[in-house]
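# Summary of the model geometry
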Amino acid sequence: MALSSVLETPAAGFNFDNVARNAALEGLFDGRTPKPLKTGTTIAGVVFKDGVVLGADTRATSSEVVADKTCSKIHYIAPNMYCCGAGTAADTEKTTDLLASNLTIFSLNSGRNPRVVMAVSILQDMLYRYHGQIGASLILGGVDCTGNHLYTVGPYGSVNKMPYLTMGSGDLAALGVLEDGYKPDLELDEAKKLVCVAIHAGIMSDLASGNNIDLCVITRQGVDYIRPYQVSEYRDKRKTKYKYGAGTTPVLTEEVVPLKLEVVEEAVQQLDTA
Amino acid sequence: MLRHENATQPDTLVFQKESATHGIIMNTRGLRSQLKDSVPVAGLCPQGAYGVQDSMRSGFSSVKNELLPSHPLELSEKNFQPNQDKMNFSTLRNIQGLHAPLKLQMEYRAARQIQRLPFLQSSNLALDTLRGNDESIGFEDILNDPAQSEMMGEPHMMMEYKLGML
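Owing to the predicted nature of the structure, the values given are computational and were not obtained by experimental measurement. (Residues numbered from 1 in each chain as written. Chains lettered and ligands numbered in written order. Predicted model: local features only at pLDDT ≥ 70, side-chain atom pairs only at ≥ 80, totals over all residues. Heavy atoms only, no water.)

### Concerning the sheet that holds strand β2 (residues 43–47) of chain A
Across a sheet, strands are paired by hydrogen bonds formed along the backbone, either parallel or antiparallel in direction. All names here are of chain A. Here is the rule we go by: Pairing between strands requires that DSSP locate at least two bridges from one strand to the other. Runs of E in the DSSP output that reach at least two residues are strands. Runs of H or I that reach at least four are helices, and both are numbered from the N terminus. Lines fitted to the C-alpha atoms define the axes, with helices restricted to the stretch that makes contact. Angles between their N-to-C directions range from 0 to 180 degrees. A contact between two residues is defined here by any heavy atoms of the two lying within 4.5 Å.
The strand order across the open sheet built from five strands is β11-β2-β3-β12-β13, with neighbouring strands paired in antiparallel fashion. The sheet terminates laterally at β11 (164–167) and β13 (222–230), the two strands that pair on one side only. On average, adjacent strands in this sheet sit at an angle of 10 degrees to one another, irrespective of strand direction. Of the strand pairs in this sheet, β2 and β11 are connected by four bridges, and their pairing is antiparallel. Along β11, the bridge assignment pairs glycine 45 with leucine 165. Packing against the sheet, helix α4 (residues 171–181) makes contact with β2 and β11, and its axis sits at approximately 165 degrees to β11.

Next comes the structure, spelled out in structure tokens:
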């Protein structure tokens, strides 16, 4: 359908046409406007002796409802970098996807492994450009040729580099645990335990965090993505698959009746195969 | 523009009037809009002759719709690329002198003119290569791809708009 009001091809990228419509509709919703899916999260990261440990819970909420109990919040960026995302779920996923694509293009073009500072700069530029409208708070951790790094990028583009970090709605509880338990040059098991306890504190103190705890250990040798590291003790016993094994229903009687068929006509067709 | 330094004011006016092609002065808004530097706030203003709302095409206008730029990001996104270019060119001028940005801008203008007709999709390959967009992915590559737009423009109208005849 050709429209005569379209005089130029629409610009690619974000489309602001619905803003006026939303403003007009706001009065009709009575305060109950539909909310986007947030991760309402506790995410944490710790730098230890040989690398970085990232941890996250697995609950995604949509206002007061738990929308996803097994949400994956640790996103792949590069073989040596992973990123935990808090905030609006779609924003964190798309932003980290774009970042991963950009770094892949870079490493294919230049033949080098991307460094963590590169990822942080790209994220910072991207998020600052949109002035906080993209609600993504990210913890980026990775190991590259210059060492083990952990950064946090806020939704407005602020960057912080620390040996231990937390973000999300449960960050204060988790940060308390990390402040108490962090020492420089931790061993792998101590670091994993510390992050797990920190996320657990966030889960216990924050309604929007919960369910399982995922961990991701990044070292020079490789990545160990442990999902789940610790399953919640309050999980329900519902099965997710309702497939019954053979023999569940007992067979009482069996009767076999062969069908009597006569050959009426037979035609042979040759296929032209070379 | 003074063609001769001794010419008086009325002479230049007459010269400008008589130099128009066959006496028909073509509206160069169409072609010039491609090479515009930035979209001003009034860029959200209605299209139509003399900047007045074209009621036949876009319906009735209301003051509220036109005054507010609706979303805080709308204007900054429209101007993002031109602003980046300006910033880069000015840095380049400070470091390497005037010739560097001049030459680059000449190449940009040349590349920007390699387009198909307005209602067809142009690949903009030369422009992308110059800008470095062929080596990065942003939201403008995945969201709202014009090639998959659900609304199609009327080809004759788009062509007339581009040539400034509308």
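### Points about the side chain of A:Asn102
What counts is decided by this rule: Polar contact criterion, stated in full: a pair of N or O atoms within 3.5 Å, where within protein one must be able to donate a hydrogen and the other to accept it, and residues adjacent in sequence count only if both atoms are side-chain atoms.
Mapped onto the secondary structure, A:Asn102 falls in helix α2 (residues 89–110). Of note is the side chain of A:Asn102, whose polar atom sits 2.7 Å from the backbone nitrogen of B:Ile137. Beyond its immediate chain neighbours, meaning those up to four positions away, A:Asn102 contacts A:Ile122, B:Glu135, B:Ser136 and B:Ile137.

### Considerations on the pattern of salt bridges
Spelled out, the test is: Within this document, salt bridges are pairs made up of a side-chain nitrogen of Lys or Arg and a carboxyl oxygen of Asp or Glu, the two lying within 4 Å of each other. Throughout, exposure labels follow a simple rule: accessible area from a 1.4 Å probe, protein chains only, divided by the maximum for the residue type, with under 20% read as buried, over 50% as exposed, and the rest as partly exposed.
In total, this model carries six salt bridges over all chains according to the counting rule given. We note a salt bridge from B:Glu77 to A:Arg129, for which the minimum N-O separation is 3.0 Å. Taken as a pair, B:Glu77 in helix α5 (residues 72–78) and A:Arg129 in helix α3 (residues 116–129) lie in two separate chains rather than in one. For the pair B:Glu77 and A:Arg129, one class covers both residues: buried. Its salt-bridge partner being A:Arg227, residue A:Asp214 comes within 2.8 Å of it at the nearest N-O pair. In this pair, A:Asp214 is assigned in strand β12 (residues 213–219) and A:Arg227 in strand β13, connecting sequence segments 13 residues apart.

### Observations regarding the sheet that holds strand β6 (residues 74–78) of chain A
Residues and elements named next belong to chain A. In space, the five strands of this open sheet follow the order β6-β7-β8-β9-β10, with antiparallel pairing throughout. Strands at the two margins of the open sheet, each flanked by one partner only, are β6 and β10 (159–161). Shown here is a sheet whose adjacent strand axes are inclined to one another by a mean of 25 degrees, direction ignored. Of the pairings in the sheet, the one linking strand β9 (residues 147–153) to β10 comprises three bridges and is antiparallel in character. Paired with tyrosine 151 across the bridge in β10 is lysine 161. Packing against the sheet, α2 makes contact with β6, β7 (81–87) and β8 (136–144), and its axis sits at approximately 15 degrees to β6.

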